[in-house]
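# What the coordinates show
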Amino acid sequence: MSNTGTGSRDNPVETTPDTVPTGCSWFLDPDGTLCLSPGCMARVQDPEAECLCDTLTTQHARLKRRMRELKDRQKYADNWWHALTAAVAAHPDQNAILADTRRRAGR
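All values derive from a computational prediction rather than experimental measurement.

### Some words on the overall build of the protein
What the protein contains, in helices and strands, is three helices and three strands. Overall, the protein shows an N-to-C arrangement of helices and strands of β-β-β-α-α-α. Approximately 8,400 Å² of the protein is accessible, and the part contributed by carbon and sulfur atoms is 54%.

In structure tokens, the structure reads:
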């Protein structure tokens, strides 16, 4: 059985009510009862299922990095677009440039 928390079924961690571990972890409550703190849907539905916490955490971190990258790319593209628009607007042949651009874009 996989274990991503601080306790496993065979080796649960002792806790107090204030120190129940996050994620999927087996722990002993103060009266000695073996308990599962499920952190993923697999374990919520079946305590014997393989823990997916590491997988979900890894996916979440990867998606957050990708979102940051996409936001950075969009910010760069927005800055580029505004700079290009300003350059064309200041150019003496602005109307010819815009007409050529519309033609190339099929509009």
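### Observations concerning the layout of surface pockets
In this model, the largest pocket occupies a volume close to 190 Å³. In terms of lining, the largest pocket is formed by Trp-81, Leu-84, Thr-85, Val-88, Ala-89, Gln-94, Ile-97, Leu-98 and Thr-101. Taken together, the elements giving at least two residues each to the lining of the largest pocket come down to helix H2 (53-90) and helix H3 (94-105). Here the element with the most residues in the lining of the largest pocket is H2; it accounts for five residues. When its residues are assigned to classes, the lining of the largest pocket shows six nonpolar, three polar and no charged.

### Focus: the environment of Leu-28
Inspection of the secondary structure assignment puts Leu-28 in strand S2 (residues 25-28). Each C-alpha atom, one on Leu-28 and one on Arg-9, is 9.7 Å from the other, the two residues being 19 residues apart in sequence.

### What to know about the pairing of strand S3 (residues 34-37)
Burial of the side chains of S3 is restricted to one face: Cys-35 and Ser-37 are buried, whereas none of Leu-34 and Leu-36 on the reverse face is. Taken together, the four bridges between S2 and S3 define a ladder with antiparallel strand orientation. For Ser-25, the partnering residue across the bridge sits in S3 and is Ser-37. In this antiparallel pair of consecutive strands, S2 and S3, the connection spans five residues, and Gly-32 shows a positive phi of 95°.

Calculation notes
Residues numbered from 1 in each chain as written. Predicted model: local features only at pLDDT ≥ 70, side-chain atom pairs only at ≥ 80, totals over all residues. Heavy atoms only, no water. Helix = DSSP H or I, 4+ residues; strand = E, 2+ residues; numbered from the N terminus. Areas by Shrake-Rupley, 256 points an atom, 1.4 Å probe, with all protein chains shown as cover. 1 Å grid on protein atoms, 1.4 Å probe; cavity = no way out; pocket = protein on both sides within 12 Å on 5 of 7 lines; lining within 4 Å. Points joined across faces, edges and corners; volume = space filled by probe spheres on them. Nonpolar A, V, L, I, M, F, W, Y, C, P; charged D, E, K, R; others polar. Buried < 20%, exposed > 50% of the residue type's maximum accessible area, 1.4 Å probe, protein only. Pairing = 2+ DSSP bridges.

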